[in-house]
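Analysis of the macromolecular model
One letter stands for each residue in the lines below.
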Amino acid sequence: MPDAVMARSLVEAHVYLDLTVSGGSAGAEVIEVPDGWLVRAGGVEMPVSYAGEHAAREARTTFGTGRSELLDAGQWVLIGGTYASRALEGGLFYAAGPADPQRVRAVETDWTYAADAVAEALKFLPEGAAALPSEAFWTEMGRSAREAEPGRFTRAKLESDLAFYRQSLADFRRLAGSARPR
């Protein structure tokens, strides 16, 4: 499935490689092709179309428009938690050290990506459903996360996490003096 599916954005391609390739996307090569790019790492190539990247930028979405075909709902929730942990840690280092604009941008990006990843998981939630359906979990990673902590995948928990991540971003921006709204 993954090799036949196109990433919706360059960021989604990198996140996919981070989850699936040994060493992640750190050494990824981005090659321009006639209709977009190939993001290549560890023997895996992930295509990204110009149209998909353009749509993501126009819609101001980090990972792309529509629902992901690469990453399942469980993976998105785990990704959100990872970025939130990084943001919390980065915020602590920011508070303990001298002002550093690069650190501010990193914490803001981590909170933004945490919220956007949870928003991606919510795209799998049918209208009126109380929890993500089993078909939203097609990877071993996603299914394992759901089996281990089914409460993380309810509408109430996802919406609560999304609100917390967005509020944390706003609070950090106030603390750091960077009031860039998203």
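Bear in mind the structure is a predicted one, so any value in this text is a computation, not a measurement.

1. Some words on the overall build of the protein
Broken down by element type, the protein carries 6 helices and 3 strands. Traced from its N-terminal end to its C-terminal end, the protein shows the element sequence α-β-β-β-α-α-α-α-α. Each principal axis of the C-alpha atoms in the protein carries an extent, and together these give about 45 × 40 × 30 Å. For the protein, the residues scored as buried account for 46% of the 182 residues in total. The positive charge centre, built from 19 side chains, and the negative charge centre, built from 25, are 6 Å apart in the protein.

2. Observations concerning the confidence of the model for the protein
Put simply, the protein has an average pLDDT of 93, and 95% of its residues get 70 or more. Mean pLDDT per element in the protein: helix 3 (residues 73-96) is the minimum at 93, and helix 5 (residues 140-148) is the maximum at 98.

3. Structural notes on helix 4 (residues 101-122)
Between its first and last C-alpha, helix 4 extends 32 Å over 22 residues, near the 32 Å set by a 1.5 Å rise per residue. At the N-terminal end of helix 4, a side-chain oxygen is found 3.0 Å from the backbone nitrogen of Gln102, two or three residues along, and the residue is Asp100.

4. Let's talk about the pattern of salt bridges
Evaluation of the coordinates by the stated rule reveals 13 salt bridges. Note that Arg8 and Glu12 form a salt bridge whose closest N and O atoms lie 3.0 Å from each other. The same class applies to Arg8 as to Glu12, namely buried. Of the charged contacts, one joins Arg8 and Glu120 as a salt bridge, the two residues approaching to 2.8 Å between their closest N and O atoms. Here Arg8 is found in the segment before helix 1 (10-20), whereas its partner Glu120 is found in helix 4, with 112 residues between them in sequence. Each of the salt bridges in this network shares a partner with another, and the network as a whole consists of Arg8, Glu12, Glu120 and Lys123.

5. Remarks on the side chain of Asp72
Within the secondary structure, Asp72 sits in the loop between helix 2 (50-59) and helix 3. Of the buried charged residues, Asp72 lacks a salt bridge, with Arg143 as the closest side chain of opposite charge at 5.9 Å. Engagement of the side chain of Asp72 in a polar contact is seen with the backbone nitrogen of Trp138, the distance being 2.9 Å. A polar atom in the side chain of Asp72 sits 2.8 Å from the side chain of Thr139.

6. Remarks on the pairing of strand 3 (residues 44-49)
Of all 6 residues making up strand 3, 5 are buried, and the element is well covered by its neighbours. Summarising the sheet, strand 2 (residues 36-41) and strand 3 pair through 6 bridges and their orientation is antiparallel. Counterpart to Trp37 in the pairing with strand 3 is Val48. In this structure, the hairpin formed by strand 2 and strand 3 is closed by a connection of 2 residues, where Gly42 is found at a positive phi of approximately 55 degrees.

Parameters and conventions
Residues numbered from 1 in each chain as written. Predicted model: local features only at pLDDT ≥ 70, side-chain atom pairs only at ≥ 80, totals over all residues. Heavy atoms only, no water. Helix = DSSP H or I, 4+ residues; strand = E, 2+ residues; numbered from the N terminus. Buried < 20%, exposed > 50% of the residue type's maximum accessible area, 1.4 Å probe, protein only. Lys, Arg positive; Asp, Glu negative; His and termini not counted. Charge placed at Lys NZ, Arg CZ, Asp CG, Glu CD. pLDDT = per-residue confidence, 0-100. Expected span 1.5 Å × (residues − 1). Polar contact = N/O pair within 3.5 Å; in protein donor to acceptor, adjacent residues only side chain to side chain. Salt bridge = Lys/Arg side-chain N within 4 Å of Asp/Glu carboxyl O. Pairing = 2+ DSSP bridges.

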